[in-house]
Amino acid sequence: MISQTVPMVGEEFVMGYRKQSVWSKWIALAFFFGKVGSGMFILAVLLNTPLIALAGLVIENVGKGGALLIHLGRPARFWRAMTRPQSSWISRTVWVMGIFTVIGLIYLVLPAGSPAWQIFKVLALVSAVVVAITDGFVMNDSPAIPLWNTPMLPFLFLFYSLLGGTSVFFFLVHGGWASITPLVDLETLETALIIINLIGVAIYLGSMVNATATARESLRLLIKGPYSGMFFGFVVAIGFILTLVLTLFLGASGGTLVVGLITLADLIGHFFIFYLLLMVGVYSPVLGKLTI
Amino acid sequence: MARYGMVIDLKRCVGCNACTVACKAENGTPPGIFFTKVLEQVAGQYPIVKKKYVPVLCNHCLNAPCVRVCPSGATHKREDGIVLVDYNKCIGCKACVVACPYKNRELMPEGKLKEGHFKGYLTPFEQVKYKKFQEGVVVKCTFCSERVDQGLEPSCVNTCPAEARVFGDLHDPESKVSRLIRQRGGIQPMSEANTDPSVYYIE
Ligand code: SF4
Ligand code: SF4
Ligand code: SF4
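Given the structure is predicted, the values throughout are model-derived calculations rather than measurements. Throughout this document, residue positions are counted from 1 along each chain, in the order its sequence is written. Chains and ligands are labelled by the order in which they are written, letters from A for the one and numbers from 1 for the other. The model is predicted, so local features are restricted to residues of pLDDT at least 70 and side-chain atom pairs to those at 80 or more, both for listing and for counting; the totals for chains, interfaces and linings are taken over all residues. Hydrogens and water are ignored here; the side-chain numbers use all heavy atoms of the structure.

A. Layout of the overall build of chain A. Note on conventions: DSSP H or I runs of at least 4 residues are helices, E runs of at least 2 residues are strands, and numbering of each starts at the N terminus. Looking only at helices and strands, chain A features 9 helices and 3 strands. For chain A, the α and β elements follow one another from N to C terminus as β-β-α-α-α-α-α-α-α-α-α-β. Principal-axis analysis of the C-alpha atoms places the extent of chain A at approximately 75 × 50 × 30 Å. Each residue gets one of three labels from its accessible area relative to the maximum for its type: buried under 20%, exposed over 50%, partly exposed in between, using a 1.4 Å probe on protein chains only. Residues classed as buried in chain A amount to 54% of the 292 residues present. The criterion used for residue contact is that any of the two residues' heavy atoms lie within 4.5 Å. For chain A, long-range pairs separated by at least 24 residues make up 73% of all intrachain contacts whose partners lie at least 6 apart in sequence. Computed with the Shrake-Rupley method and a 1.4 Å probe, the accessible areas treat only the protein chains shown as cover for residues. Here chain A has roughly 12,200 Å² of accessible surface; of this, 75% comes from carbon and sulfur atoms. Counting rule for charge: Lys and Arg are taken as positive, Asp and Glu as negative, and neither His nor the chain ends is counted. Where a charge sits is defined by one atom per residue type, namely NZ (Lys), CZ (Arg), CG (Asp) or CD (Glu). Between the averaged position of the 15 positive side-chain charges in chain A and that of its 10 negative side-chain charges there is a distance of 12 Å.

Structure representation (structure tokens):
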């Protein structure tokens, strides 16, 4: 038996692990805006702040929609992305975004408190949650990349969406740009969601330790390889530790500047975790288990 | 109905890359874009080292993830099992590139078809061949469907000096590909991905 180590290779004609490179910053931005927009919308509907709900819809459509359009090689044909919802998660995402926008707008124009408004409130909430998780299915649908091919991703997307929405909300309410009728302790909610996300990311990455060799290679790139600086700097230090310390020890009492800093730090961590998960997506060697 | 497939004999392949060049000549792909290539695999430590050449190309999988994830219907499967991309429908979302477990798809980037092999000057050959491509869409091996439709073999098979590549109908039990798979124990690449490739390897 001849021992074999599988190298990480680029475009050269050598068998080994290969990194995906076609989904990068624009897809990461689309995911980011998709989650923050839907998160803001969910919180705004629950806390009765229609203007912020509208802002969530705009971020979803302009931010996510715009980033997706820029990503496309042929943006003028974007409408074709709607033609295969029976099998393609990208198609489903486009449909879900459209349905969410229509339901959200109807909810916003209906007279508050009316029976129809009550029904559309529930529909709007459900569609926003579906929007938040579908991007997770888009990533999860790639059998080639074991790091992404896990049912944990949609959950991670949902909790990040709620955290992103809460962070922005926390800032807007504290700065006096929005007021909420049911008095909710946004600071406690923010802290709880940071901890939930921290645990979620730890479990997700931890599960890769016992997964396939390819998944471990992705993990190695993330925590020891060329992306480790960004991971520990932006995701762990800024996204988790800084936000948690500031929220726990200063929080709302630290003033708008501190709350703004918490929001900014959270959004930086939020963008980079998904950007890095895209960047460390590794394919298994072509022959899989068939090796010499 | 036929299901076209290929058997690649790793014992015969000498790594000459004649197939790679024949493919480029047939399809006229721009620099850096390969529909087929031959990967080197080295195992062991000096002085016990083993080297093998593994030709790779789109496996025209029966259960193709690239077809499933394509949101526009541009990637489709013909009745004979050949998986093709309709460049007029492709929106360039690259979902299929990410979904192909074999990384056998490539994006035709912006500017690629103007650049050519000589940076800004297109040879008459390139001018003719590049007409069928579009920028911003995804391209891949077609099993030389235009040749196959005329009863010819794919160009790589036709060129291989070692007869390491054999093309034929997997549904015909008497075809050479079916016999080789049966007699020599053909193995599908990355069978754990459940894609049911139409390309088999024998050793
Ligand atoms: S090898 Fe890749 S591109 Fe070819 S059919 Fe299979 S999944 Fe699709
Ligand atoms: S890049 Fe083109 S062929 Fe590939 S999934 Fe998108 S639309 Fe389909
Ligand atoms: S032409 Fe034949 S022998 Fe040469 S590399 Fe290709 S498959 Fe191998």
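B. Region of the structure containing the sheet that holds strand E3 (residues 282–283) of chain A. Residue and element names in this part refer to chain A. An order of E1-E2-E3 is seen for the 3 strands of this open sheet, with the pairing classed as mixed. Edge positions in the sheet fall to strand E1 (8–9) and E3, since each has one partner strand and no second. We call two strands paired when DSSP finds no fewer than two bridges between them. One ladder, built from 2 bridges, connects E1 with strand E2 (residues 17–19); its direction is parallel. The residue bridging Met 8 from the neighbouring strand is Tyr 17, located in E2.

C. Structural view of the interface of chain B and chain A. Each partner contributes residues to the interface: chain B has 52 residues there, and chain A has 44 residues. Two parts placed together each lose some accessible area under a 1.4 Å probe, and the buried area is that loss summed for both. Three residues, Ile91(B), Val98(B) and Lys103(B), lead the burial of chain B against chain A; their summed loss comes to 17% of the area buried on that side. The term salt bridge refers to a pairing of a side-chain nitrogen on Lys or Arg with a carboxyl oxygen on Asp or Glu at a separation within 4 Å. There are 2 salt bridges connecting chain B and chain A. For Asp141(A), the salt bridge goes to Arg68(B), with nearest N and O atoms at 2.5 Å. Any pair of N or O atoms that falls within 3.5 Å is considered a polar contact. Within protein, one atom must be able to donate a hydrogen and the other to accept it, and sequence-neighbouring residues count only if both atoms are side-chain atoms. In this assembly, chain B and chain A are joined by 21 residue pairs in polar contact (both at pLDDT 80 or more). Of the residues forming the side of chain B that touches chain A, the biggest block, 8 residues, is contributed by strand E2 (residues 36–45) of chain B. Residue composition of the side of chain B that touches chain A, grouped by class: 29 nonpolar, 11 polar and 12 charged. In this classification, Asp, Glu, Lys and Arg are treated as charged, Ala, Val, Leu, Ile, Met, Phe, Trp, Tyr, Cys and Pro as nonpolar, and every other residue, Gly included, as polar.

D. Molecular detail of the environment of Ser175(B). All names here are of chain B. In this structure, Ser 175 sits in the loop between strand E8 (165–169) and helix H8 (176–184). Separated by 90 residues in the primary sequence, Ser 175 and Val 85 have C-alpha atoms spaced 27 Å apart. A polar contact is formed between the side chain of Ser 175 and the backbone oxygen of Asp 172, at a distance of 2.9 Å. A polar contact of 3.0 Å, which involves the side chain of Ser 175, links it to the side chain of Ser 178.

E. Quick look at the site of ligand 2. By convention in this text, a residue qualifies as near a molecule or strand provided that one of its non-hydrogen atoms is within 4 Å of it. The immediate surroundings of ligand 2 are formed by Cys70(B), Pro71(B), Ser72(B), Ala74(B), Thr75(B), Cys90(B), Ile91(B), Gly92(B), Cys93(B), Lys94(B), Cys96(B) and Val138(B). Partitioning the shell around ligand 2 into residue classes produces 8 nonpolar, 3 polar and 1 charged.

F. Structural detail: the nonpolar core. By size, the foremost hydrophobic cluster in this structure holds 140 residues, and its most contacted members are Trp23(A), Phe41(A), Trp148(A), Leu277(A) and Met6(B). Each residue touching Leu277(A), except ones within four places of it in the same chain, is listed here: Met139(A), Leu147(A), Trp148(A), Leu153(A), Tyr204(A) and Leu205(A). For our purposes a nonpolar core is just a set of buried Ala, Val, Leu, Ile, Met, Phe, Trp, Tyr and Cys residues, chained together by side-chain atoms within 4.5 Å.

G. Summary view of the sheet that holds strand E9 (residues 199–202) of chain B. All names here are of chain B. Judged by pairing direction, the sheet is mixed, and its 3 strands sit side by side in the order E8-E1-E9 without closing on themselves. Each edge of the open sheet is held by one strand with a lone partner, namely E8 and E9. With direction set aside, neighbouring strand axes in the sheet form an average angle of 25°. Convention adopted: a line fitted to C-alpha atoms gives each axis, helices being fitted over their contacting stretch, and angles between N-to-C directions are expressed from 0 to 180 degrees. Contacts from H8 reach strand E1 (4–9), E8 and E9, with the element oriented near 115° to E8.

H. Structural view of the site of ligand 3. In the region of ligand 3, 14 residues are neighbours, and Cys13(B), Cys16(B), Asn17(B), Cys19(B) and Cys160(B) sit closest. The residue inventory of the shell around ligand 3, partitioned by class, reads 11 nonpolar, 2 polar and 1 charged.

I. Summary view of a nonpolar patch on the surface. All names here are of chain A. Exposure above 30% relative accessible area and the absence of a salt bridge qualify a residue for a patch, where like charges join within 9 Å and nonpolar side chains (Val, Leu, Ile, Met, Phe, Trp, Tyr) within 5 Å. There is a patch of nonpolar side chains on the surface, built from Leu 51, Leu 54, Val 58, Val 62 and Leu 105 and spanning about 470 Å² of accessible area. Top element by residues in the nonpolar patch is helix H2 (residues 50–71). It accounts for 4 residues. Considering the arrangement of structural elements, one finds Leu 105 in helix H3 (residues 89–109).

J. Main features of the confidence of the model for chain A. You can read pLDDT as the predictor saying how much it trusts each residue, on a scale of 0 to 100. Taken over all residues, the pLDDT of chain A has a mean of 90, while the share at 70 or more is 96%. Model confidence for chain A, summarised as mean pLDDT per element, is weakest for E1(A) at 84 and strongest for H3(A) at 96.

K. View of the packing of aromatic side chains. Pairing of aromatic rings covers Phe, Tyr and the six-membered ring of Trp, with a centre-to-centre limit of 6.5 Å; geometry is then stacked below 30 degrees between planes, edge-to-face above 60, and tilted otherwise. Scanning the model with the defined rule gives 21 aromatic pairs over all chains in all. Considering the side-chain rings of Phe231(A) and Phe232(A), the 5.1 Å spacing of their centres and the 70° angle between planes classify their relative orientation as edge-to-face. Its relative accessible area of 41% is what places Phe232(A) among the partly exposed residues. Pairing Tyr4(B) with Phe167(B) gives two aromatic rings, centres 5.3 Å apart and planes at 15°, and the pair type is stacked.

L. Region of the structure containing the layout of surface pockets. Here a cavity means grid points, on a 1 Å grid over the protein atoms only, where a 1.4 Å probe fits yet cannot get out; a pocket means an open set of points with protein on both sides within 12 Å along at least five of seven lines; lining residues are those with an atom within 4 Å of a point. Grid points are joined across faces, edges and corners, and a volume is the space filled by probe spheres set on the points. When its volume is computed, the largest pocket comes out at roughly 450 Å³. Taken together, 24 residues line the largest pocket, and the ones lying closest to its centre are Gly65(A), Leu68(A), Ala81(A), Val94(A) and Met97(A). Class assignment for the residues of the lining of the largest pocket results in 16 nonpolar, 6 polar and 2 charged. Empty space within the second largest pocket amounts to approximately 380 Å³. Together, 27 residues line the second largest pocket, and Glu11(A), Lys103(B), Arg105(B), Glu106(B) and Leu107(B) are the ones closest to its centre. When residues of the lining of the second largest pocket are traced back to their parent elements, those giving at least two are E2 and strand E6 (106–107) of chain B. For the lining of the second largest pocket, the leading source of residues is E2(B), giving 3 residues. Here the residues of the lining of the second largest pocket sort into 14 nonpolar, 5 polar and 8 charged.

M. Just H3(A), in detail. Residues and elements named next belong to chain A. Compared with an ideal rise of 1.5 Å per residue, which puts 21 residues at 30 Å, H3 spans 30 Å between its outermost C-alpha atoms and is within 8% of the ideal. Regarding H3, the residues found buried are Ile 90, Ser 91, Thr 93, Val 96, Met 97, Phe 100, Thr 101, Ile 103, Gly 104 and Tyr 107. If you check the start of H3, you find a side-chain oxygen 3.2 Å away from the backbone N of Ile 90, and it comes from Ser 88. Expected helix span is taken as 1.5 Å per residue step, with the number of steps being one fewer than the number of residues.

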